[in-house]
Amino acid sequence: MSYNRNSRREFLRKLACVACSGGSAAMIPQLRMIGSALANTKALTGYKALVCIYLSGGNDGWNLVVPFDTPRYNVYAAARSGVYTVGGANPNPGGLGLAQPTGGQIAIQGITDGNDASPSTNQYFMHPNAPELAKLFQPNATLSISKKLALVVNVGTLVKPINKTMYNQSAANRPPQLFSHSDQEDLWHQANTNGSAVQGWGGLCGDVLQPQSTGNAQLSSCISIAGANRFEVGMNTVPYQMSSGGLTALSGVCNPTPCAGVSTTSIRNGALNNLLGDTYANDFADEYGAVFQRGRDLYNLLSAGLTATTLTTTFLPANNSLASQLQMVAKMIKLSKAQGLAQRQIYYVRYGGFDLHAGMMSGNGNHGQLLTAVSQAMNSFYKCLGADFGAAPGAQNEVTTFTASEFARTLQSNGSGSDHGWGGVQMVMGGAVNGGKLYSNGDLLTGFPNQDLTAPNNFSRGQMIPGIGVEQYAATLAQWMGVTSMTDLNAIFPNLPNFPTKNLGFV
């Protein structure tokens, strides 16, 4: 394949982002050229932001929400190799099951489907280490923060809806490279099963939304607080990267530029600006300079305002990377709204440690401890969007936060942990969320999946075949953001026509 000079320059423009550091802070994976761009001229109204919390390693969502009614709880406990217990007459340190809650815990964590309130047939509880999330979910009129969380059950990478028979009939019926961390993460970021794609669905949504959005054209609609990621790369959208500590200034030059007076710093700063202002015969050098200059311009645009932006909410847990990343997202949203920098923004944060082949139930970094951090950090973020953004509800109705993870874990224990699974449970949080509900197989509880290891939707170790495709999950969020044209949706999510439900209704 040959490329003309313009296409090479476009490639190098994006590739140069990888090499830039310091104030530029815009890193992306490698890109290939695509021949057309999505476009839509419909004007947007108001402000909206999506915040992706990526739980790296494969979160064990089947211990996030658990059937409580006795028949299904017994199936769950058997599939999880029994309830985890140490000491006593019957220790089971290899079990991965949570104990069925009793007494006062039921009032706090009991989850009942609105279509079937019978505790004998349809009731659930959340992991005891996530009480903040349980309260956000709980359909309780006495709690001001209730019904702000939805649980999307058994979602995963799919080409189309399948069962075990279809899975075994043809490799074309299933996603490529199942159970591989890197490959499945890419497919989640892309929301399609094209293993060679380089764009992500967040970036492609940015391609559609940015031309419709008023604000500062310098600032990308996609902002990462967690480094390079495929999710935010579009055909025209290049994500802007920050750290949880904010912007990184260049050493030995003026920040922001220019600087007054004559000094070693100002001379060095002038020399740098001259280098950046030159036109180079070499395409890579030319585009590197352009991207570097864009980074300096963005630093100048954001630095003073971000420094002046304060929050009163205490983010918990203290000294936790997820909490720190979400705190920076809150500051950027507050700044963006105050200065009118954008109408639509897509943020990416990341929290690791979920690849628990061992130590799932005990030891430092176990699943319960990870969920404690996630629960507290998400709760802090939601509270901040209210308390630090003016009159109630603040920005809570304008920001939707969702989780993603490459896969769940096997239901069956491997001795002290579990291995790579498939379909899992994801969370969606926000004032606009139709919360207090479980969404499964495209509708409100058409069926919580059967967790029996011999069930038709299950493999022998408890790798659940998803009932909801990532495309459906992501397309629901994209539509809330304003990507409503089916032409655009089908271009971003090429497998979406294979699924009967295009919008799951949780937001």
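Figured I'd write up the structure that's included with this text.

Quick notes on the pattern of salt bridges
This structure, assessed with the given rule, holds seven salt bridges. The partner of D69 in a salt bridge is R72, and the shortest N-O contact between them spans 2.7 Å. The buried category is assigned to D69, whose relative accessible area is 2%. In this structure R72 comes out as partly exposed when scored by relative accessible area, which is 23%.

Comments concerning the packing of aromatic side chains
With the rule as written, the count across this model stands at 19 aromatic pairs. Ring centres of W201 and F231 lie 5.0 Å apart, and the angle between their planes is 70°; on these two criteria the pair is classed as edge-to-face. Within this pair, whereas W201 is found in helix α7 (residues 201-209), its partner F231 is found in the loop between β6 (222-224) and β7 (240-241), the two being separated by 30 residues in sequence. The class of W201 is buried, set by a relative accessible area of 3%. By relative accessible area, F231 is classed as buried at 2%. Between F231 and F402, the ring centres sit 6.4 Å apart and the planes meet at 70°, which makes this aromatic pair edge-to-face.

Some thoughts on the nonpolar core
With 67 residues, the main nonpolar core has L149, L151, L326, M332, I333, Y347 and F381 as its most contacted residues. The element best represented in this core is helix α11 (residues 367-387), accounting for 10 residues. Other than its neighbours up to four places away in sequence, L151 contacts L64, V65, F137, V425, Q426, M427, K437, L438 and Y439. C205, V208, M235 and A475 belong to the second-largest nonpolar core, a separate cluster that totals 41 residues.

Side note on the packing of helix α10 (residues 321-339) against α11
Viewed as axis vectors pointing N to C, α10 and α11 meet at an angle of 15°, and their least axial separation amounts to 9 Å. One way to sum up the angle between α10 and α11 is to call them roughly parallel. Relative to α11, the crossing made by α10 is right-handed. Contacts between α10 and α11 pair L322, A323, L326, V329, A330 and I333 from the former with A373, V374, A377, M378, F381 and C384 from the latter.

Analysis parameters
Residues numbered from 1 in each chain as written. Predicted model: local features only at pLDDT ≥ 70, side-chain atom pairs only at ≥ 80, totals over all residues. Heavy atoms only, no water. Salt bridge = Lys/Arg side-chain N within 4 Å of Asp/Glu carboxyl O. Buried < 20%, exposed > 50% of the residue type's maximum accessible area, 1.4 Å probe, protein only. Phe/Tyr/Trp six-rings, centres within 6.5 Å; stacked < 30°, edge-to-face > 60°. Helix = DSSP H or I, 4+ residues; strand = E, 2+ residues; numbered from the N terminus. Core = buried A, V, L, I, M, F, W, Y, C linked by side-chain atoms within 4.5 Å. Contact = heavy atoms within 4.5 Å. Axes fitted to C-alpha atoms, helices over the stretch in contact; angles between N-to-C directions. Parallel < 35°, antiparallel > 145°, perpendicular 65-115°, else oblique. Left-handed = near helix turned anticlockwise from the far one by under 90°.

This is a description of form; function is not addressed.
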